[in-house]
Amino acid sequence: MTEGSKVYLQWILRRSNGYYVDGSIKLLSTKSGAVAVGDNFDERDIFVFTVGDGTAMPGIDAGVRGMKQGGSRRLVLPIKQAFTLPIDKSAGPLPSGYGPRQQITREIQREDPYNYFYFEVEATRVR
């Protein structure tokens, strides 16, 4: 995908310790901790953006370039380069729930230079 491509992105957000924060896929496996699509999958939570238009955080925008439809990647983003305060004004993808947004806010406020977020992303559709 290149500049101007419209991307439909499934995403999972984790903290640096591997803790699941939120994502478009909501079900966690009890055995491995891996995330799997389940009955509670919600198409509305897929993040849709145009590459280069500024609606995705810079690390996501740069990380998806070159992906093809069906491709997946793990993107590691330093906390300061992932989200901004206030969270509601931050580029996406953004968790919709209060709890995940509070976790992100706390991580930003800690100002730990060694902390990061990682996103597991899959391009489900590219136009």
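What counts and how
Residues numbered from 1 in each chain as written. Predicted model: local features only at pLDDT ≥ 70, side-chain atom pairs only at ≥ 80, totals over all residues. Heavy atoms only, no water. Helix = DSSP H or I, 4+ residues; strand = E, 2+ residues; numbered from the N terminus. Core = buried A, V, L, I, M, F, W, Y, C linked by side-chain atoms within 4.5 Å. Buried < 20%, exposed > 50% of the residue type's maximum accessible area, 1.4 Å probe, protein only. Contact = heavy atoms within 4.5 Å. Pairing = 2+ DSSP bridges. Phe/Tyr/Trp six-rings, centres within 6.5 Å; stacked < 30°, edge-to-face > 60°. Lys NZ or Arg CZ within 6 Å of the ring centre and 35° of its normal.

Enquirer: Could you give an account of unusual backbone geometry, with specific residues and numbers?
Expert: Leu85 connects to Pro86 through a cis peptide bond whose omega is -10°. Among the secondary structure elements, Pro86 is positioned in the loop between helix H2 (79-82) and helix H3 (98-110). Positive phi values are uncommon outside glycine, yet Glu111 reaches one of about 55°.

Enquirer: Report on the nonpolar core, specifying residues and quantitative values.
Expert: Within the largest apolar cluster, 26 residues are counted, with the highest numbers of intra-cluster contacts made by Leu9, Phe49, Ile60, Phe83 and Phe119. Residues contacting Phe83, with those up to four places away along its chain left out, are Leu13, Met57, Ser90, Pro93, Leu94, Pro95, Ile104, Ile108, Phe117 and Phe119.

Enquirer: Kindly report on the pairing of strand E7 (residues 116-126), identifying the contributing residues and their values.
Expert: Walk down a regular strand and you will see the side chains alternate between the two sheet faces. Bridge count between strand E1 (residues 6-15) and E7: nine bridges; the pairing is antiparallel. Across the sheet, residue Leu13 finds its bridge partner in E7, namely Phe119. Bridge count for strand E6 (residues 72-78) against E7 is seven bridges, and the pairing is antiparallel. Across the sheet, Leu75 pairs through a bridge with Phe119, a residue of E7.

Enquirer: If you had to explain the packing of aromatic side chains to someone new, which residues and values would you point to?
Expert: What characterises a pair of aromatic rings is the spacing of the ring centres plus the angle enclosed by the ring planes. Scanning the entire structure with this criterion turns up five aromatic pairs. Plain terms: the ring middles of Tyr116 and Tyr118 are 6.5 Å apart, the flat faces sit at 35° to each other, and that makes the pair tilted. Three or more aromatic residues joined by ring pairs make a cluster, and in this case those are Trp11, Phe83, Phe117 and Phe119. A cation over an aromatic ring shows up here: Arg125 above the ring of Tyr8, its NZ or CZ 4.3 Å from the ring centre.

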